[in-house]
Structures are given as C-alpha cells and as structure tokens.
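# Report on the structure
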Amino acid sequence: MIKIGILGAGRVGEAFLKGLKPLHEEGKIFVAASHRRLERREELGRKYSLKIFSSNDELVQSSDIVVITLKPDQFRSLAESMKRKALFKDKTVISVMAGITLNELYEKGGIERAFRIMPTLGVINQNGLMAMCASSLIQPQDWMDVESILSALGDVVRLEEDKFAAFTALGGSGPAYVALLMESLVDSGVTIGLSRSISKKIVEHLFESLVGLVEIYEHPVHLKEAVMSPNGTTAQGLLYLESTGVKGNIIQAVIKAYQRAREME
Ligand SMILES: NC(=O)C1=CN([C@@H]2O[C@H](COP(=O)(O)OP(=O)(O)OC[C@H]3O[C@@H](n4cnc5c(N)ncnc54)[C@H](OP(=O)(O)O)[C@@H]3O)[C@@H](O)[C@H]2O)C=CC1
Ligand SMILES: O=C(O)[C@@H]1CCC=N1
C-alpha cells in the first residue's frame with residue numbers, strides 16, 4: 001500500500017489530509033502528516049484520527065510519497081539538513097510550494113523524483129484545480145498513480161513548468177481577487193441601504209449562478225449584453241466601471257502577481 005506523508009500540515013496540508021482520508025479509510029493508501037507544534041498535532045489527530053509526527057525526518061522515512069506543504073522559506077531553511085541526511089533518496093515528492101522549482105527541490109533538498117503542483121484553494125473542499133509537472137525521473141506509471149491520488153482533491157491539468165508562475169498568478173492567487181470583488185459587492189449593497197445579510201445572500205447567489213450562466217451564453221460578453229437594457233441600470237453601472245479602467249486594472253493585478261511569482265523562482 002502506498003504510504004503518503006504530508007510534511008507541514010497547515011492550510012493546504014490539511015486539505016490533503018481531508019481529501020485523502022477516504023482513500024486511507026478504504027485501505028487504498030496510508031496517510032500521515034507532520035507538524036512542528038504540539039497543539040496543531042493534537043488538533044489534526046483529533047479531527048482526522050491519522051498519525052501526526054513531530055519529526056519531519058521520521059515522517060519522510062516512513063513514507064513513499066511526501067507532500068511538502070510548507071511555506072517556501074520554511075522549506076528553504078529545512079532543505080539543507082534533509083539533503084545532508086539523504087532523506088529523499090528513493091522517495092517521490094509532491095511539492096505545492098509557490099516559486100520552488102523542480103531544480104531547486106533537487107539542488108537544495110536533494111530531491112530527484114518530484115512532482116511540482118500548484119493547487120487552487122478549492123482543494124480545501126475537494127473542488128480544486130491543480131497544475132502539475134514532474135522531474136525527468138518520473139515514469140508514466142508514477143504520473144498515473146499520482147494523478148489518481150490527486151483526483152481526490154479536484155481536477156488535475158498537466159502544465160509545462162515555465163507556465164507555473166502564470167498559473168500561480170491567476171489560479172493560485174485567484175480566490176483572493178474574487179473574494180475582494182465579493183466583499184466590495186456586499187459592501188455596495190449595504191451602502192445603498194440593504195441589510196448585510198440580504199446583500200450577502202444576493203452576492204452569493206450571483207457567484208453561484210455565474211458559471212451556469214456563462215455556459216448558457218457561451219461567453220461573458222454575451223452574458224453582459226443579456227443583462228444590459230437600453231438606457232437601463234446596468235449600462236450606468238458598467239459605464240462607471242469601464243471609465244475607471246477596471247478591466248485593465250484587473251489584468252495589471254494578475255501581471256503583478258505573475259511578476260512576483262517569477263521573482264520567487
Ligand atoms: N494558501 C493558498 O491558497 C495556496 C498555497 N500554496 C502553497 O502552499 C504552501 C502552504 O501554504 P499554506 O497552507 O497556506 O501555509 P500554512 O502556513 O498554513 O502551512 C504551512 C504549515 O507548515 C508548518 N510548519 C512550518 N515549519 C515547519 C516545520 N519545520 N516542520 C513542520 N511543520 C512546519 C507551519 O506551522 P506554523 O503554523 O507553526 O507556522 C504551517 O502550519 C505554500 O508553499 C504556498 O506557496 C499554493 C497554492 C495556494
Ligand atoms: O500568495 C502566495 O504566494 C500563494 C501562492 C498562491 C496562493 N498563495
């Protein structure tokens with residue numbers, strides 16, 4: 001049975017624990033994790049009834065596949081000693097860390113067999129989208145095994161490593177942009193006299209129904225035209241948005257995030 005260890009189970013690491021637990025319970029894989037704080041280990045142990053190690057080294061030693069869910073700098077500070085101990089020899093690693101390239105995994109951590117993935121936060125409720133690339137030692141069977149495991153957390157797309165910064169800027173950071181838009185719309189409802197609860201209900205409905213509407217209208221532009229009546233309310237709202245350069249600003253925001261993602265590599 002494949003043994004999977006989640007190294008540094010924070011927000012994304014916990015999403016992996018939660019998403020993979022059903023496969024663990026069905027006896028298809030064995031899942032464990034590590035964390036540096038006792039309080040967090042106890043919390044995860046209580047919630048998932050899985051083994052949570054205090055020692056990262058022991059977790060790695062007892063795993064076939066190690067999912068590294070540390071922050072990039074937390075990994076960088078641990079990597080050298082792990083490389084010295086040759087901990088990752090014969091292990092397969094899945095890294096979710098923004099800006100850590102396959103080459104850096106090898107150079108700093110001595111990790112030869114690696115998948116680099118970039119998940120969206122949707123993995124928290126098994127509804128993520130994950131970009132995935134791999135080092136040259138990874139074989140077709142490894143791809144199939146890992147894709148099958150990751151499908152418990154959402155959809156997987158194979159992507160060239162040189163497109164990871166772009167995926168990170170749009171998909172990885174994306175939930176934050178959409179959350180900001182959502183927050184602004186809820187505040188706008190309150191500003192024009194609606195209670196916060198009804199405003200929130202309207203905005204939640206708008207987001208929930210949007211994907212279905214775009215499917216029906218086939219393109220966001222056609223959806224926009226369907227809502228926009230001659231001399232109506234939508235035309236006035238859109239005129240203001242367009243005059244403030246909202247579309248260019250959103251594109252610029254993603255470009256900024258992309259530049260930062262490139263800098264991190
Ligand atoms: N959040 C997101 O939307 C996305 C994040 N990512 C990537 O995922 C990674 C994790 O992000 P996220 O889950 O948000 O971050 P978190 O800070 O929630 O997770 C990292 C966890 O690792 C723990 N940790 C730190 N050092 C050690 C150590 N030496 N040994 C064991 N555990 C340790 C931290 O503990 P402590 O709580 O004590 O700091 C923390 O709980 C990042 O590299 C990020 O780039 C990728 C895509 C999306
Ligand atoms: O902000 C970040 O750096 C990480 C990567 C994508 C989402 N969070």
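Higher on the page you've got the structure.
Here's a quick rundown of the structure. All values derive from a computational prediction rather than experimental measurement. Here, residues in each chain are numbered from 1, in the same order as that chain's written sequence. Naming scheme: in the order in which they are written, chains are lettered from A and ligands are numbered from 1. Totals for whole chains, interfaces and linings use all residues, but because this is a predicted model, local features are given only for residues with pLDDT of at least 70 and pairs of side-chain atoms are given and counted only at 80 or more. Side-chain figures throughout are based on the complete set of non-hydrogen atoms in the structure, without hydrogens or water.

## Some remarks on the site of ligand 2
- Each residue is tested against the molecule or strand, and it is near if at least one of its non-hydrogen atoms lies within 4 Å. Around ligand 2, the neighbouring residues are Ala98, Thr168, Gly172 and Ser173.
- The class makeup of the residues in the shell around ligand 2 is 1 nonpolar, 3 polar and no charged. Each residue gets one of three labels, nonpolar for Ala, Val, Leu, Ile, Met, Phe, Trp, Tyr, Cys and Pro, charged for Asp, Glu, Lys and Arg, and polar for the others, Gly among them.

## Comments concerning the packing of aromatic side chains
- In this scheme Phe, Tyr and Trp rings, the latter by its six-membered ring, pair at centre separations within 6.5 Å, and the angle between planes marks the pair as stacked below 30 degrees, edge-to-face above 60, and tilted otherwise. Across all of its chains, the model carries 1 aromatic pair by this definition.
- An angle of 90° between the planes, with centres 5.3 Å apart, marks the rings of phenylalanine 115 and tryptophan 143 as edge-to-face. Taken as a pair, phenylalanine 115 in strand S6 (residues 114-119) and tryptophan 143 in helix H6 (residues 140-150) lie far apart in primary sequence, 28 residues in all.
- For phenylalanine 115, a relative accessible area of 0% puts it in the buried group.
- Only protein chains enter the area calculation, which uses a 1.4 Å probe; residues under 20% of their type maximum are buried, those over 50% are exposed, and those in between are partly exposed. Tryptophan 143 sits in the buried class, given a relative accessible area of 14%.
- For a Lys NZ or an Arg CZ to count as sitting over a ring, it must be within 6 Å of the ring centre and within 35 degrees of the ring normal. Stacked on the ring of phenylalanine 53, the Lys or Arg lysine 51 has its end atom at 4.7 Å from the ring centre. Numbering of helices and strands runs from the N terminus; a helix is a DSSP stretch of H or I covering at least four residues, while a strand is a stretch of E covering at least two.

## Looking at the pattern of salt bridges
- Here, a salt bridge means any Lys or Arg side-chain nitrogen found within 4 Å of an Asp or Glu carboxyl oxygen. By the definition in use, this model includes 19 salt bridges.
- A salt bridge links arginine 40 to glutamate 14; its shortest N-O distance comes to 2.9 Å. Here the residue arginine 40 occupies a position in helix H2 (residues 38-48), and glutamate 14 occupies one in helix H1 (residues 11-25), the gap between them amounting to 26 residues.
- For glutamate 14, a relative accessible area of 13% gives the class buried.
- Between glutamate 25 and lysine 21 there is a salt bridge, and its shortest N-O distance comes to 3.0 Å. Residue glutamate 25 and its partner lysine 21 are located together in helix H1, separated by 4 residues, close to a single helical turn.
- What you see here is one network of salt bridges that share partners, running through Glu14, Arg40, Glu43 and Lys47.

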